[in-house]
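Descriptive analysis of the structure
Spelled out from the first residue to the last, the chains are:
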Amino acid sequence: MTNQKFVIEPHFRLQEWVAEEKGYFADEGLDYIFQEKIRATDGKQHDQQGQKSGAYQSFEAGRTADVSCACHWTVNVAASNGHGKLWGDVYSVAPAGIFVPEGSPIRKPEDLAGVPISVGYQSGSHYATIQALEQYLPRNRINLSYGEGMLFKRLDNLLEGKSQASTLFSGPYYLAEQMGYRKVIDTTFMIASMVTGTPEAEDLKRFYNALKRAQRDIDLRPEKYTHYYRNEFPDRYHALMDTRRWGPGERIVFEPYTQEVFAQSREWIAQREIFDTGKAPLATDSYDAAVLRVT
């Protein structure tokens, strides 16, 4: 036994909040700490001061939660480089899209040729924007802009008229939609979980059992739970938000992140040279070495 409490950190979605407030983690016998980071810091860590820094770099720096999330592409590479283990018994799917102001002349994906699109560097929006637009545009006409920072900083810039286009997901996606920003194309993407440190396998099972109960609640009555988005939005947005109009957001899928998905995703990353060397200099190509499965 580690004698350490299991550290839970929400990730821009509803499930952890529902499970916490309904007592599902406690019901499962999980000894845990629940810590919210984004609203507590007013989202300031999402401002990268113009630097190319995103989800992958946060794994390099080290995350504090026992289980944290990011797009499956980044978690795949980070786990392969020894920054944790990809939890292979589950993945999730997040609604996302490229948004432009209501009055923008951009009306279809082809109109985004050469237009700077604000994304998070080596984060879900980075990969997902390429995945969506390469159906319409040659790669050299997809113009990604990394300097705006992570999710809430990109939302700031869009609302303040500083971005021509921005890829948003989860709550910011719903806020932009509510406020009349035009979604040019859907960029929905898969999210994977990263296990860091040495949590007990039984605690991981307890954690995900609680999230499964929360997911069922959200599936049944989503309108009862969308108010939880406010728990992670910086206060400056609250007067704008009508979460009654918002959707349920990221959905956890209790199916395996398979060896085939693992390999196909790595090949996709390599072909598009997401990392400087094309195929990232990975410590291992082994699914069994990078992925943790207990079922």
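What you see is a predicted model, and the numbers here were worked out from it, not measured in a lab.

On to empty space enclosed by the protein. Using the criterion set out here, one finds four cavities of 30 Å³ or more in the structure. Here the largest cavity is characterised by a volume of approximately 60 Å³. Lining the largest cavity, in full, are F12, R13, L14, F152, S170, G171, P172, Y229, E232 and F233. If one sorts the elements of the lining of the largest cavity by residue count, helix α7 (residues 170-178) sits on top with three residues. Partitioning the lining of the largest cavity into residue classes produces six nonpolar, two polar and two charged. As a volume, the second largest cavity reaches approximately 40 Å³. What lines the second largest cavity is R13, C69, V90, Y91, S92, I191, A192, S193, Y208 and I252. Of the residues contributing to the lining of the second largest cavity, the split by class is seven nonpolar, two polar and one charged.

It is worth spelling out the packing of helix α4 (residues 72-80) against helix α9 (residues 259-271) at this point. Packed helix pairs are specified by the crossing angle of their axes together with the interaxial distance, meaning the distance between the axes. Relative to each other, α4 and α9 sit at 95°, their axes nearing to 10 Å. Classified by the angle their axes make, α4 and α9 are roughly perpendicular. For the pair α4 and α9, contact is made by H72, W73, N76, V77 and S80 and by F262, S265, R266, W268 and I269, respectively. Residues of the contact of α4 with α9, tallied by class, amount to five nonpolar, four polar and one charged.

Glancing now at helix α6 (residues 151-159). Most of α6 is tucked away: seven of the nine residues are buried. What α6 keeps buried is the set L151, F152, R154, L155, D156, N157 and L158. Where α6 ends, the next residue or the one after it, G161, has phi of about 75°, a positive value.

A separate point is the pattern of salt bridges. Evaluation of the coordinates by the stated rule reveals 17 salt bridges. In this structure, D217 and K22 form a salt bridge, with 3.3 Å as the shortest nitrogen-oxygen distance. Of this pair, D217 sits in helix α8 (residues 201-220) while K22 is found in the loop between α1 (15-21) and α2 (24-27), placing the two residues 195 residues apart along the sequence. What makes K22 partly exposed here is its relative accessible area of 35%. As a salt-bridge pair, R221 and E223 come within 2.4 Å of each other at their nearest N and O atoms. By relative accessible area, R221 is classed as partly exposed at 40%.

Right, let's get into the sheet that holds strand β7 (residues 143-145). Strand order in the open sheet made by the five strands is β7-β6-β8-β5-β9, with mixed pairing throughout. Edge positions in the sheet fall to β7 and β9 (182-186), since each has one partner strand and no second. Along the sheet, successive strands turn relative to each other by an average axial angle of 35°, direction set aside. As judged from the three bridges shared by strand β6 (residues 116-118) and β7, these two strands associate in the parallel manner. Bridging from a neighbouring strand, P116 pairs with N143 of β7. Its contacts with the sheet place α6 against β5 (96-100), β6 and β8 (165-169), and it is angled at close to 135° to β8. Relative to β8, α7 is tilted by about 125°, and along the sheet it contacts β5, β8 and β9.

Rules of the game
- Residues numbered from 1 in each chain as written.
- Predicted model: local features only at pLDDT ≥ 70, side-chain atom pairs only at ≥ 80, totals over all residues.
- Heavy atoms only, no water.
- 1 Å grid on protein atoms, 1.4 Å probe; cavity = no way out; pocket = protein on both sides within 12 Å on 5 of 7 lines; lining within 4 Å.
- Points joined across faces, edges and corners; volume = space filled by probe spheres on them.
- Helix = DSSP H or I, 4+ residues; strand = E, 2+ residues; numbered from the N terminus.
- Nonpolar A, V, L, I, M, F, W, Y, C, P; charged D, E, K, R; others polar.
- Axes fitted to C-alpha atoms, helices over the stretch in contact; angles between N-to-C directions.
- Parallel < 35°, antiparallel > 145°, perpendicular 65-115°, else oblique.
- Contact = heavy atoms within 4.5 Å.
- Buried < 20%, exposed > 50% of the residue type's maximum accessible area, 1.4 Å probe, protein only.
- Salt bridge = Lys/Arg side-chain N within 4 Å of Asp/Glu carboxyl O.
- Pairing = 2+ DSSP bridges.

Honestly, it's all geometry; don't read function into it.
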